[in-house]
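Observations on chain architecture
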Amino acid sequence: MGVARYIKDEKDAIRDVVYQSGIRVKPSYSPRDLEEVGFDYAKDLGDPGEYPFTRSLHPLGYRSRAWTTRQYTGFGTPAETNRRFKLMISHGQTGLNVAFDLPTQMGYDSDDPRVVGEVGRVGMAVDSLRDFETAFKDIPLDRIGSGLTINAVACIMLAMYQAVAEKSGYPAEAISATPQNDILKEMVGRGAWIFPVDPAVRLVGDAIEYAVRALPRCNPVSICGYHIRESGATPAQEIAYAFEIAKTYIAEVQGRGLQVDEFVGSFSFNLNVYGNLWEQIAKFRAARKLWARMLQEEFGVTQKKNLFLRGLFGGGGSGLTKAQPENNIMRSAFYALAAALSGAQTTALCSFDEAYTIPTPRAALLSLRTLELLMDEVGLRDTVDPLAGSYFIETLTKQMEERILSEMADVQKIGGMRRAVALGHIQRKVSRQAYEFERGIQNGDYIKVGVNKYIEGVEDQPDVELHAYDESWAVQQIDGLRELRRVRDNRAVSRALNDLEQGARSGRNVMPCLVDCCRAYATVGEMAGVLRQVFGEWEEPSIF
Amino acid sequence: MSGKIIKILVGKPGLDGHDRGAKVVALALRDAGMEVIYTGLHRTLEQIVAAAVQEAVDVIGLSIMSGAHLPICRRLLDLMAAEGIQDIPVVVGGVIPKQDVSELKKMGIQGVFPGGTPFDEIVAGIRAVAA
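Quick caveat, the model's predicted, so the values are computed rather than measured. (Residues numbered from 1 in each chain as written. Chains lettered and ligands numbered in written order. Predicted model: local features only at pLDDT ≥ 70, side-chain atom pairs only at ≥ 80, totals over all residues.)

1. A few points about the overall build of chain A
Helix and strand counts for chain A come out as 21 helices and 11 strands. Here the C-alpha radius of gyration of chain A, 23 Å, is about what a compact globule of 544 residues would show, namely 24 Å. When its C-alpha atoms are laid out on the principal axes, chain A stretches across 75 × 60 × 50 Å. Out of the 544 residues belonging to chain A, those deemed buried represent 52%. Within chain A, contacts between residues at least 6 apart in sequence are counted, and of these 76% link residues at least 24 apart. (Helix = DSSP H or I, 4+ residues; strand = E, 2+ residues; numbered from the N terminus. Rg over C-alpha atoms; globule rule 2.2 N^0.38 Å. Buried ≥ 20, exposed ≤ 12 C-beta atoms within 10 Å, placed from the backbone. Contact = placed C-beta atoms within 7 Å.)

This is the structure:
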């Protein structure tokens, strides 16, 4: 997949192969390699569904259940979004994955002067509970789970989700939401952060602690190695940093007096499938093993289900190219193959037009069909972990494990992820790597088809159909927001916001206050505004 | 260019936080011998203009990935015109569809570098507008 370094001789024969994580690949493998890396079936693999889960979380893998597909979608206004949700549910989808617009992700109202041009652009605009009432109207919230792709104000969205469910008569215990809620990865890449590191991690902890106590079917955090990889991390760093972030959140919640066994089972991961095929497969197998082992040995987790590395392994956007965009359809199919051979439980693909635009419905459907094809036509459901026992794959899985552990040790030397991010250490490292990688593509060290090889014969960039952005969405959204501010009980709003401020200052869990604010129709901008006042905003460390 | 070191401000305006491109290009421009000032994320256009004036940069480069490049660039140019700044050329990079390049040029953006543009081309383009 174009990200390994191939050293060739003058006859184009490959002399050496080096993966991004630094592993050298030999021309062939034999039982001697397994011996050399100390491979042991029981210790390193175990049967599918058995500790350490290298092979699979479940004994029958895709035989018992194909993967869940969860394409990321969001549409300008809550009403548009509601129509789209209903369509997806009528197609048999059992989970929604909600994209929010940038003003919502950054805690601003739609009429804030800072957000002009952004309302409803990359996802749904949400100002208040009223928008959730529209978006989730007639959606059976006890049966349909919702991924809420939001981080800095994930706590607000989780509170709003509880409030909207309550309005429709669903008890808190019955609803299932998965807010992304991983602020440290936003600080490493993607950039939708607001508050400084310490209060931001506290808010992550508030959401987790609250969910454990009050929203038992919610998964309050989804740790995203995905975006860290997209920012320039190697596959080994992706897993290492995700695990170090997870450890930071575990420590935060342990500090509230909870046992790890009480909450870690609700953690999930969002990981990236982009890179060399074999390196990816080894990465996921090693990751499942290391997570289970770390939880058992370091954190004393005892319940089997709490040791599962659950999550979404999704095709990475950074592997796709702007040049010859149709090639991305094939690229993504191979990423999906890697995900299937790795035993991904849930998956999604970037669409071939994403270097140009938010995916059009046609492109998004192609992604979905790619995933369905693998399960239903190609044979990926036949048997669990089909590559197990391969001299090469098992050696590589052991080597990946070593690499991940060594990257984790580097973070621990700095004092853990909270400090490494606050100091800009991780950001500096991955940005430098991203630059060097980009340079490698430009000077031909890494081959990218259609970019630095096989570029002939394609006349010009084809026209890619663009996702339409309707300026009237913002107007509608802002009109609705202004009307809400007139008709709601503004005294109740002030009271709720006051309580929120006191809760935030006192160090108490802010979630109950946020639920009250949402019930009173306080806006996202008002709630985030109070938190901004109390916590301040993060000053990015200079990384150059 | 007779050996003068070009000073460029790389700015991430607005709310979009996808900054891999901005950082990668900033490093490439630095390696090409330019003095690069990176604003960091979530800057208002007012902050970007103020920083450009204060640092007396030769060029402003914006990185925009959210699709909002047309309204953002229009507002930046209006803001600069209102403040009487005429001598700082503006270039832009990011997720920019082909269809929008001529519109950006028409409004006064002097260089457009969509994602995937080779570093050499970006460097040459910036040198040309800074001359």
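2. Describing the overall build of chain B
Secondary structure assignment for chain B yields five helices and five strands. Since a compact globule built from 131 residues should have a radius of gyration of about 14 Å, the 13 Å found for chain B is in line with a globular shape. Each of the three principal axes of chain B carries a C-alpha extent, and together these read 35 × 35 × 25 Å. Burial statistics for chain B: of 131 residues in total, 50% are counted as buried.

3. Side note on unusual backbone geometry
Residues and elements named next belong to chain A. Going from tyrosine 51 to proline 52, the amide bond is cis rather than trans, its omega being 5°. Structurally, proline 52 is set in the loop between helix H2 (41-45) and strand E4 (68-69). Phi is positive for aspartate 12, close to 70°, though the residue is something other than glycine. Note that aspartate 12 resides in the loop between strand E1 (5-8) and strand E2 (14-18). Residue aspartate 138 is not a glycine yet carries a positive backbone phi of 60°. Positionally, aspartate 138 belongs in the loop between helix H5 (129-135) and strand E6 (145-149). A residue is classified by how many C-beta atoms lie within 10 Å of it, and aspartate 138, with 9 of them, is exposed.

4. So, the sheet that holds strand E5 (residues 111-114) of chain B
Residues and elements named next belong to chain B. Strand order in the open sheet formed by five strands is E2-E1-E3-E4-E5, and the pairing between neighbours is parallel. Two strands close off the open sheet at either side, each with one partner strand: strand E2 (35-38) and E5. Between one strand axis and the next, the sheet turns through 20° on average, direction left out of account. Where strand E1 (residues 7-11) meets strand E3 (residues 59-64), four bridges bridge the pair, whose relative direction is parallel. Bridging from a neighbouring strand, glycine 11 pairs with leucine 62 of E3. In the packing of helix H2 (residues 45-54) onto the sheet, contacts are made with E1 and E3, and the angle to E1 comes to roughly 165°. Relative to strand E4 (residues 90-94), helix H3 (residues 69-82) is tilted by about 160°, and along the sheet it contacts E3 and E4. (Pairing = 2+ DSSP bridges. Axes fitted to C-alpha atoms, helices over the stretch in contact; angles between N-to-C directions.)

5. Looking at the domain arrangement of chain A
All names here are of chain A. What the domain assignment lists for chain A is domain 1 (5-56 + 224-442) and domain 2 (67-179 + 458-544). Taking only C-alpha atoms, the centre of domain 1 and the centre of domain 2 are 30 Å apart. Those elements that place two or more of their residues in the side of domain 1 that touches domain 2 are strand E11 (346-348), helix H14 (361-378) and helix H17 (425-442). With five residues, the single largest contributor to the side of domain 1 that touches domain 2 is H14. (Domains from an automatic or database assignment.)

6. Some details on the confidence of the model for chain B
A residue-level look at chain B finds 98% of positions with pLDDT of 70 or above and a mean pLDDT of 93. Among the prediction metrics, the complex's ipTM stands at 0.92, with pTM recorded as 0.95. (pLDDT = per-residue confidence, 0-100.)

7. Concerning the sheet that holds strand E5 (residues 95-99) of chain A
All names here are of chain A. Across the sheet, which stays open at both edges, the three strands sit in the order E5-E6-E7 with parallel pairing between neighbours. Every other strand in the sheet has two partners, leaving E5 and strand E7 (177-179) as the edge strands with one partner each. The average angle at which neighbouring strand axes cross in this sheet is 15°, direction not considered. Looking at chain direction, E6 and E7 are connected through three bridges and run parallel. Paired with serine 146 across the two strands is alanine 177, which belongs to E7. Running at roughly 165° to E7, helix H6 (residues 154-167) makes contact with E6 and E7 of the sheet.

8. Some details on the environment of tyrosine 226 of chain A
All names here are of chain A. Mapping tyrosine 226 onto the fold places it in helix H9 (residues 225-230). With 29 C-beta atoms packed within 10 Å, tyrosine 226 lands in the buried category. Separated by 45 residues in the primary sequence, tyrosine 226 and asparagine 181 have C-alpha atoms spaced 14 Å apart. Once residues within four sequence positions are removed from consideration, tyrosine 226 is found in contact with Asn270, Leu271, Asn272 and Gly314.

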